[in-house]
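As a plain string of letters, each chain reads:
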Amino acid sequence: MTLRQLAFKNVVRNKRTYAAYFLSSAFSVMVFFINALLIYHPDIRRGLSSDLAVQAFVLAECMVFLFSFLFVLYSVRSFLTSRKKEFGILLMHGMTLAQLGKVIFLENMIIGLSATMTGTAAGALFAKLFFLASARALEISSLPFYLTWQPLMLTLFAFVFLFLLISAYTSRIVRIEKLIDLFQAAAKNKTKPEGSKVLALLSLILLGTGYTLAAGSDTKSIYIRVIPVVMITMVGTYLFYSHFSVILLQWIKRNRNLSLRRTHLIMFSGLSSRMKEHAKLFFMVTMVSTISFCSLGVFASINVVTELFLEDYPAAVGYVSKEGNSSEDAHLSRITSELKARNIPYKEDQIQIKYAAIHPDEDSKEFSFELPLISFSDYKQVVQLAGYEWSEESPDYNEAYVLISSQNDKSKIRLKERKEYTLLEPEVTIRETGYTKHVIIPDNLLADFDDSFEALVIHDELFARIDSPVRVDEYTGFYVEHFEQTAFLADALVDHGRTRYDAGKTYAMSVSGTLFILRESMYRILLFIAMLLAAIFFIAAGSFLYFRLYADLDYDRRQYLTLMKMGLTPREFRSCVTGQLAFLFFVPTVVAVIHSIFAFIALQSLFYLSIASKMGVVLLCFVLAQVLYFFFIRFHYLRNLKKSL
């Protein structure tokens, strides 16, 4: 028998053990290939968000490849660990280390190339379904099936290189092992587990600190805290598995009321050693699951923002003419003519924005500021014209309301300090007393006064007394019943639906129909990609546990065979196995869910509306999928154990 034949027979003989590794690798190849098809599809460029789509698919491509590399590397190492006794027998019968390395290399390449070809074929088979979903996300009428050599060669080159690199690395692992170590590998880690009480306590402190910082985050601190919280939580999670869980299980074993009930002693004895031995595995599964929950939960929750779109863009078309804009009449005429050409009934309204000079505050080195002001009557007029219910009272003469430019700004209200401003002419001090309930001018259509707001709404009498403002801008709003009808209107005046105030032009403008389509398209693209990546992460997380179980299969067979000879009944046998599997499967899931909940609490500070319902649905779906996967693994694992009992 040649080495090639031996490698092939080893793969065929262990096909059940390699099944999850093969299928997970093939699924990663399939996703990678479909992403490549979308990147190189010529019709993708016809979508409104073509640039964003291509960038998102390229980023997803890189993430799939990187994760596949780490996944394959860990999987191969797990299989090699479970087969060290087999390798020891081969070496004892005369096989050289070089020949053994070649066999391992050939085995990995057989599985890797098979997974690459299977994944590519499956990608080509299901590509049309993904094209339909992508076309909907990109607002393209259709994406016909398109197969060219670039995505095919990219996929083959990437994964053949990946498997070559990992096979070359893993084939050298056993060369550093002594023969006695290969035979004792299965029993080497079965010693009594030990955990440090200090590190166990530290794990709880770190997790508690991370959760507290996440739950107490606000719109300003969340960006500063995100990296420290992630690092603290990761260290705390690893110490939780490697020390706290071991000490907890040992305490349960010492508690006679718990450990001596039914088969608890057998179940917890096996768990305590596994928790210490597989701490890195559980840590990895928890982190991967948390990434899956958060990535899909975030992008699913982003759709909540679209519920605020109508309130953030009360006018279907908003136009701000800066002082000295000689093209104002021509631009407004163009907008009205296109509205009429589309037979869209509209209402038009125009208000003034005065920029008044004010005294500098104590911390400023500037001599003056330009404070944007709007009269209360103009604010009321726009609110009523937009169809909102009116319930606000006018500010007093020396008071002002902060004009919000987005409903999401309300999440920042509790953090903003009330300020006072002294006008140069007339010399009056006004102070902020509240915030407007509605947006009348969309974000980025006014000059930013500071990081908190773009304008103030003041009393009509005070507004009229400002005779010599630094400059005056005019805002014109066009209000229609169905803003979607304005999509792509006046495209020559805007860039993808908007011309910002700071774009260096004499005007600023927004078209809500175009912006809505672009925003929805972007969210669908991100959600679509997040679902693909989350599926890969979820399958990989389950596969990690699957590999670890099968690595210990021979040891478990010997253990349960001995216990059944001592009187363990088949029912008690199933109870022990089910209890251990449930603990191993669901503890990482529960910890990942807790991590995700606190991550979502932190993210909630960025949203005005609640995102709890969206995130709850995502977590529930993942937990249900994990339950189904648990019963699938339990069925196959019990069947394999029973073969020798």
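Residues numbered from 1 in each chain as written. Predicted model: local features only at pLDDT ≥ 70, side-chain atom pairs only at ≥ 80, totals over all residues. Heavy atoms only, no water.

Asks: Tell me about the sheet that holds strand β6 (residues 429–435), residues and numbers included.
Replies: Overall, mixed pairing links the ten strands, which are arranged β5-β6-β4-β7-β3-β2-β8-β1-β10-β9 in an open sheet. Strand pairing shows two members of the sheet lacking a second neighbour, β5 (420–422) and β9 (498–499), which therefore form its edges. (Pairing = 2+ DSSP bridges. Helix = DSSP H or I, 4+ residues; strand = E, 2+ residues; numbered from the N terminus.)

Asks: Break down helix α15 (residues 328–341) for me, citing the residues and quoting the values.
Replies: Over its 14 residues, α15 extends 20 Å from the first C-alpha to the last, a length consistent with the 20 Å expected when each residue adds 1.5 Å. When we look at burial in α15, the residues that qualify are E328, H331, L332, I335, T336 and L339. One face of α15 carries all of its buried residues, which in axial projection span an arc of 130°. Turned more than 90 degrees from where α15 packs its buried face, D329, A330, K340 and A341 sit exposed. Two residues or fewer after α15 comes N343, characterised by a positive phi angle close to 60°. (Expected span 1.5 Å × (residues − 1). Buried < 20%, exposed > 50% of the residue type's maximum accessible area, 1.4 Å probe, protein only. Arc of directions from axis to C-beta.)

Asks: Which residues make up empty space enclosed by the protein, and what values do they have?
Replies: Taken as a whole, this structure holds four cavities of 30 Å³ or more when the rule is applied. The volume enclosed by the largest cavity comes to roughly 80 Å³. Around the largest cavity, the lining residues are V285, S289, S292, F293, F538, A541, G542, T589, F622 and Q626. Of all elements in the fold, only α13 (279–301), α18 (512–551) and α21 (612–642) reach the threshold of two or more residues within the lining of the largest cavity. Broken down by element, the residue count for the lining of the largest cavity peaks at four residues, all from α13. Split by residue class, the lining of the largest cavity holds five nonpolar, five polar and no charged. (1 Å grid on protein atoms, 1.4 Å probe; cavity = no way out; pocket = protein on both sides within 12 Å on 5 of 7 lines; lining within 4 Å. Points joined across faces, edges and corners; volume = space filled by probe spheres on them. Nonpolar A, V, L, I, M, F, W, Y, C, P; charged D, E, K, R; others polar.)

Asks: Residue-level account of helix α4 (residues 84–92), with values.
Replies: Residues of α4 that are buried include every one of K84, F87, G88 and L91, and no others. Viewed along the axis of α4, the buried residues span an arc of 105°, placing them on a single side of the element. Of the residues trailing α4, G94 is marked for its positive phi of about 110°.

Asks: I'd like a description of the pattern of salt bridges, backed by residues and values.
Replies: By the definition in use, this model includes four salt bridges. One salt bridge in this structure joins E338 and R334, with 3.5 Å as the shortest N-O distance. A residue pair is termed a helical-turn pair when its members lie 3 or 4 positions apart in one helix, as E338 and R334 do in helix α15 at four residues. Residues R471 and E370 are paired through a salt bridge, measuring 2.2 Å at the closest nitrogen-oxygen approach. Of the two residues, R471 sits in strand β8 (residues 471–479) while E370 sits in strand β3 (residues 369–375), which places them 101 residues apart along the sequence. (Salt bridge = Lys/Arg side-chain N within 4 Å of Asp/Glu carboxyl O.)

Asks: Any details on the packing of aromatic side chains? Residues and values, ideally.
Replies: Counting across every chain of the model gives 23 aromatic pairs. Residues Y629 and F632 carry aromatic rings whose centres are separated by 6.3 Å and whose planes lie at 25° to one another, so their mutual orientation is stacked. Highlighted residues: Y629 and F632, both in helix α21, separated by three residues, approximately one helical turn. Put simply, the rings of F585, F586, Y629, F630, F631 and F632 touch in pairs and so form one group of aromatic residues. Sitting over the face of the ring of Y501, K322 holds its NZ or CZ atom 4.3 Å from the ring centroid. Lying over the aromatic face of Y355, R471 brings its terminal NZ or CZ to 3.8 Å of the ring centre. (Phe/Tyr/Trp six-rings, centres within 6.5 Å; stacked < 30°, edge-to-face > 60°. Lys NZ or Arg CZ within 6 Å of the ring centre and 35° of its normal.)

Asks: Any chance you could break down unusual backbone geometry for me, citing the residues and the numbers?
Replies: Residue E425 is joined to P426 through a cis peptide bond whose omega torsion reads -5°. One non-glycine residue with positive phi stands out, namely F488, at about 70°. When you line up the elements, F488 lands in the loop between β8 and β9. Judged by its relative accessible area of 37%, F488 is partly exposed. With phi around 55°, H496 is a residue other than glycine that occupies positive phi space. Tracing the backbone through its elements, the reader meets H496 in the loop between β8 and β9. Residue classification places H496 among the partly exposed positions, given a relative accessible area of 49%.

Just geometry here; none of it tells us what the structure is for.
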